[in-house]
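So the chains spell out like this:
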Amino acid sequence: MTSLVEVYRRWPTKDDCIAHLEAVRWGEQPLCPYCGADRVSRNRDAKRGLTASRWKCQRCDRSFSVTVGTIFHNSHIDLQRWFSLISLMLNAKKGLSAMQAARDLDMRRPTVWSMMHRIRSALADDGKLLAGIVEMDEAYVDGKRRPANRKDDDQPGPRGPCGKQPVIGAVERGGRLKAMVIDKAEMTADDIRNYVTGMIDLPRAVLTTDEYAGYNGLNKNIAHRRINHSRVYVERDLFSAEFGPIQTNTIESVWAILKRAIAGQFHHVSRKYLPLYLSEVTYRYNARRTGEAFDRLLHLATNP
Ligand SMILES: [Zn+2]
């Protein structure tokens, strides 16, 4: 994972950052972000000669830099600060508060807060379905409570307490994670089937869930094993030699990471922003064993 020290070593100047972003976004051939033309040339500056950062399109005659149309555009923040913040976020296993990042980067908290949200907004899912041994579960995480709801907080809902926001996730054992915020308070069996088909490659996966009634009937669509948590947390069956024990410990450890990040770092996560925090936690989880998380993030950020 690219550390803060590495950011300053590899890209010591603003121009180095721009050159790297150009390479990640365009490779060999820069394209005009306004009209898509490849007939572009570096801007000429009468005093400085060729300038590193600006390009001119021969077709539409507009001038642009590599940040046009990306999360870095119009931010008045230099790219080195952006790279540093991305590095801090990717390396913060338990999440990073805007307050802490502001202290680390010597910037104002509101500025850093909005930069962090821009970064999170770039973290799109890779679109590849999960396969192999997959665990699926829902969780209820703290949303920001409105005062009007406060008296409902302690009353248990249909599944999980009120005032909390439901999320659903699926994870390959030893592999990738997908998670999303659920729009409704309660899910029907159809909703769950849609989440399953949206996240999992049905013929190539064995699914493990708990005994929640919403998962009833899934075995028509996918090989499905269930664990009865009121009885036991890990179970073995005839298929355990091949598919491992029946348990949902992997997805539950993901929920522990998410809840810890919300309680300890993110604070006051509103319904509106919860998907962004979830994207961040998911991205970091999926990047945990690759060395490409930093450049992949830059690629996502520059190819919206
Ligand atoms: Zn153009």
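All residue numbers here refer to positions counted from 1 along the written sequence of the relevant chain. Only residues with pLDDT of at least 70 are given local features in this predicted model, and only at 80 or more are side-chain atom pairs given and counted; all residues enter the totals for whole chains, interfaces and linings. With hydrogens and water set aside, each side-chain value is computed from the structure's full complement of heavy atoms.

Asks: Just give me the short version of the overall build of the protein chain, but keep the residues and values in it.
Replies: Along the protein chain, the regular secondary structure elements total 10 helices and eight strands. Projected onto the principal axes, the alpha-carbon positions of the protein chain cover approximately 75 × 45 × 35 Å. Exposure is judged per residue with a 1.4 Å probe applied to protein chains only, and the accessible area is read against the type maximum: over 50% gives exposed, under 20% gives buried, and values in between give partly exposed. The proportion of buried residues among the 304 residues of the protein chain is 47%. Residue contacts are counted whenever heavy atoms from the two residues lie within 4.5 Å of one another. Within the protein chain, residue pairs in contact and separated by at least 24 positions form 61% of the contacts whose partners lie at least 6 positions apart. Here a strand is any run of E in DSSP of at least two residues, a helix any run of H or I of at least four, and the numbering for each starts at the N terminus.

Asks: How would you summarise the side chain of His117 if you had to cite specific residues and measurements?
Replies: You can see His117 is positioned in helix H5 (residues 109-121). Apart from the residues within four sequence positions on either side, His117 is in contact with Tyr273, Leu276 and Tyr277.

Asks: An account of the pairing of strand E4 (residues 130-142) is needed here, citing residue identities and associated values.
Replies: Within E4, 11 of the 13 residues are buried, leaving the element largely enclosed by the surrounding structure. When DSSP finds two or more bridges between a pair of strands, those strands are recorded as paired. In this sheet, strand E7 (residues 200-210) lies alongside E4 in parallel orientation, the contact comprising five bridges. From the neighbouring strand, Val134 faces E7, where its bridge partner is Leu207. Taken together, the nine bridges between E4 and strand E5 (residues 164-172) define a ladder with antiparallel strand orientation. Opposite Val141, over in E5, you have Gln165 as the bridge partner.

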